[in-house]
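# Notes for the structure review
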Amino acid sequence: MASHQPPLTYQRILLKLSGEALMGPGAGGIDVATLNRIASDIAEAVELGAEVCLVVGGGNIYRGLAGAAQGMDRVSGDFMGMLATVLNGLALGSALEDKGCSARVMSAIPMPTVCEPFIRPVALQHLEKGRIVVLAGGTGNPFFTTDTAAALRAAEMNCNALFKATQVDGVYSADPKLVPDAERYDSLSFHEVLEKDLRIMDGPAIALARDNKIPIVVFSLKEKGGLASVLQGQGAFTTIGGEMGS
């Protein structure tokens, strides 16, 4: 890393992407231009020296809860949603390889003809060899969100922080698109997130991160270079962790 670059705030991170982040301007599926831009941002972070794990949702393809609301069996719907995350994971892995990165897609649901199964020691070896590890298939269990999968994998992979990419530049008291005067927070404690019911991630994910002392960094991936900026302590973001917020 060049000497004029600011040091990284966190060395090993887990980046949580929603499936919707891959849609771009479309109403569903994967927008290739958006996929490539996100892959470029991740590649830039790796060039700075960061070790990166990825967990991606599947909401751009299928949502288990939405299916359950329409009468689909919840367990079957959740497994369908997990399979959707594998599709997104394969797309991200391919896009990262196209950017010159070495990436490995690992699924909590074994499908050896498609990608590697998630085996923690192997995943850690990939990270130590400088590879990006794309962790798909959620937790492999129904009734758990990919937010919870992200917190679980962040703990398993010994990550220094969980980076949650959103459509806005941090955590607000309400949706700033709907409430223009919503309060923006620079930092919050885990307790405040739960107490204020801010819903940036679900309760089990917040509890997992809290119990394992993994800070959550909420930022926007809409602007090019956003991930690298936040890794260097620059740009706008909200840090969740510790006992007190401000």
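Residues numbered from 1 in each chain as written. Predicted model: local features only at pLDDT ≥ 70, side-chain atom pairs only at ≥ 80, totals over all residues. Heavy atoms only, no water.

### A look at the overall build of the protein chain
When its secondary structure is counted, the protein chain shows eight helices and eleven strands. Taken over the C-alpha trace, the protein chain has a radius of gyration of 17 Å; the compact-globule value for 246 residues is 18 Å, and the two agree within 12%. With respect to the principal axes defined by its C-alpha atoms, the protein chain has extents near 45 × 45 × 35 Å. Summarising the internal contacts of the protein chain: among those between residues at least 6 apart in sequence, 72% fall at separations of at least 24. (Helix = DSSP H or I, 4+ residues; strand = E, 2+ residues; numbered from the N terminus. Rg over C-alpha atoms; globule rule 2.2 N^0.38 Å. Contact = heavy atoms within 4.5 Å.)

### Remarks on the nonpolar core
One recurring pattern in soluble globular proteins: nonpolar side chains tend to sit buried together. Grouped together as the largest cluster of nonpolar side chains are 43 residues, with contacts concentrated most on Leu15, Leu17, Ile42, Leu54, Leu96, Phe163 and Leu227. Each residue touching leucine 17, except ones within four places of it in the same chain, is listed here: Ile38, Leu54, Val55, Val56, Gly57, Leu92, Ala165 and Leu221. (Core = buried A, V, L, I, M, F, W, Y, C linked by side-chain atoms within 4.5 Å. Buried < 20%, exposed > 50% of the residue type's maximum accessible area, 1.4 Å probe, protein only.)

### A look at a nonpolar patch on the surface
Taken together, Val75, Phe79, Phe143 and Phe144 make up a surface patch of nonpolar side chains, about 370 Å² in accessible area. Mapped onto the elements, phenylalanine 79 comes out in helix α3 (residues 74–98). (Patch = residues over 30% accessible without salt bridge, like charges linked within 9 Å, V, L, I, M, F, W, Y side chains within 5 Å. Areas by Shrake-Rupley, 256 points an atom, 1.4 Å probe, with all protein chains shown as cover. Salt bridge = Lys/Arg side-chain N within 4 Å of Asp/Glu carboxyl O.)

### Considering the sheet that holds strand β3 (residues 103–107)
Taken in spatial order, the nine strands line up as β4-β3-β5-β2-β1-β6-β10-β11-β9 in an open sheet, and their pairing is mixed. Every other strand in the sheet has two partners, leaving β4 (116–117) and β9 (187–188) as the edge strands with one partner each. The pairing of strand β10 (residues 216–220) with strand β11 (residues 238–240) spans three bridges and is antiparallel. Of the residues in β11, the one forming a bridge with valine 217 is threonine 239. (Pairing = 2+ DSSP bridges.)

### A look at the packing of aromatic side chains
Going through the model one piece at a time under the given rule, you end up with two aromatic pairs. A centroid spacing of 5.8 Å and a plane angle of 85° characterise the contact between tyrosine 10 and phenylalanine 163, whose relative ring orientation is edge-to-face. With tyrosine 10 in the segment before β1 (12–17) and phenylalanine 163 in strand β6 (residues 161–166), this pair connects stretches of sequence that are 153 residues apart. Measuring from centroid to centroid gives 5.7 Å for phenylalanine 163 and phenylalanine 219, while their planes differ by 70°, and the two rings are edge-to-face. With phenylalanine 163 in strand β6 and phenylalanine 219 in strand β10, this pair connects stretches of sequence that are 56 residues apart. Phenylalanine 219 carries the same exposure label as phenylalanine 163, and that label is buried. (Phe/Tyr/Trp six-rings, centres within 6.5 Å; stacked < 30°, edge-to-face > 60°.)

### With respect to the side chain of serine 220
Relative to the helices and strands, serine 220 is located in strand β10. The contact partners of serine 220, leaving out residues within four places of it in the chain, are Thr166, Gln167, Val168, Asp169 and Gly226.

### Focus on the UniProt feature "binding site: ATP" (unreviewed entry) in the protein chain
According to UniProt, the positions carrying the feature "binding site: ATP" (unreviewed entry) are Lys16, Leu17, Ser18, Gly19, Gly59, Arg63, Thr166, Gln167, Tyr172 and Asp175. Across 160 residues in sequence, these annotated residues place their C-alpha atoms as far as 24.9 Å from one another, rather than forming a single compact spot. The annotated residues named above include Lys16, Ser18, Gly19, Gly59 and Arg63 as those lining the largest pocket. Note on placement: serine 18 falls in the loop between β1 and α1 (32–47). Residues within four places of serine 18 in sequence aside, it is in contact with Val56 and Gly57. Positionally, aspartate 175 belongs in the loop between β7 (171–172) and β8 (184–185). (UniProt positions renumbered as here; feature names shortened; annotations may be inferred. 1 Å grid on protein atoms, 1.4 Å probe; cavity = no way out; pocket = protein on both sides within 12 Å on 5 of 7 lines; lining within 4 Å.)

### A look at α3
Compared with the 36 Å implied by 1.5 Å per residue over 25 residues, the 36 Å span of α3 between its first and last C-alpha is a close match. Downstream of α3 by a residue or two, glycine 100 has a phi angle that is positive, lying close to 90°. (Expected span 1.5 Å × (residues − 1).)

### Description of unusual backbone geometry
Positioned with a positive phi, phenylalanine 143 is a non-glycine residue whose angle comes to about 75°. In this fold, phenylalanine 143 is placed in the loop between β5 (132–136) and α5 (146–156). Of note in the backbone geometry, asparagine 158 takes a positive phi value of approximately 55° without being a glycine. Locating asparagine 158 in the fold gives a position in the loop between α5 and β6. On the basis of relative accessible area, asparagine 158 is assigned to the partly exposed category, the value being 45%.

### Thoughts on the pattern of salt bridges
This structure, assessed with the given rule, holds eleven salt bridges. In this structure, arginine 74 engages aspartate 78 in a salt bridge whose closest nitrogen and oxygen atoms are separated by 2.9 Å. Taken together, the residues span about one helical turn, with arginine 74 and aspartate 78 both in helix α3 at a distance of four residues. On the basis of relative accessible area, arginine 74 is assigned to the partly exposed category, the value being 27%.

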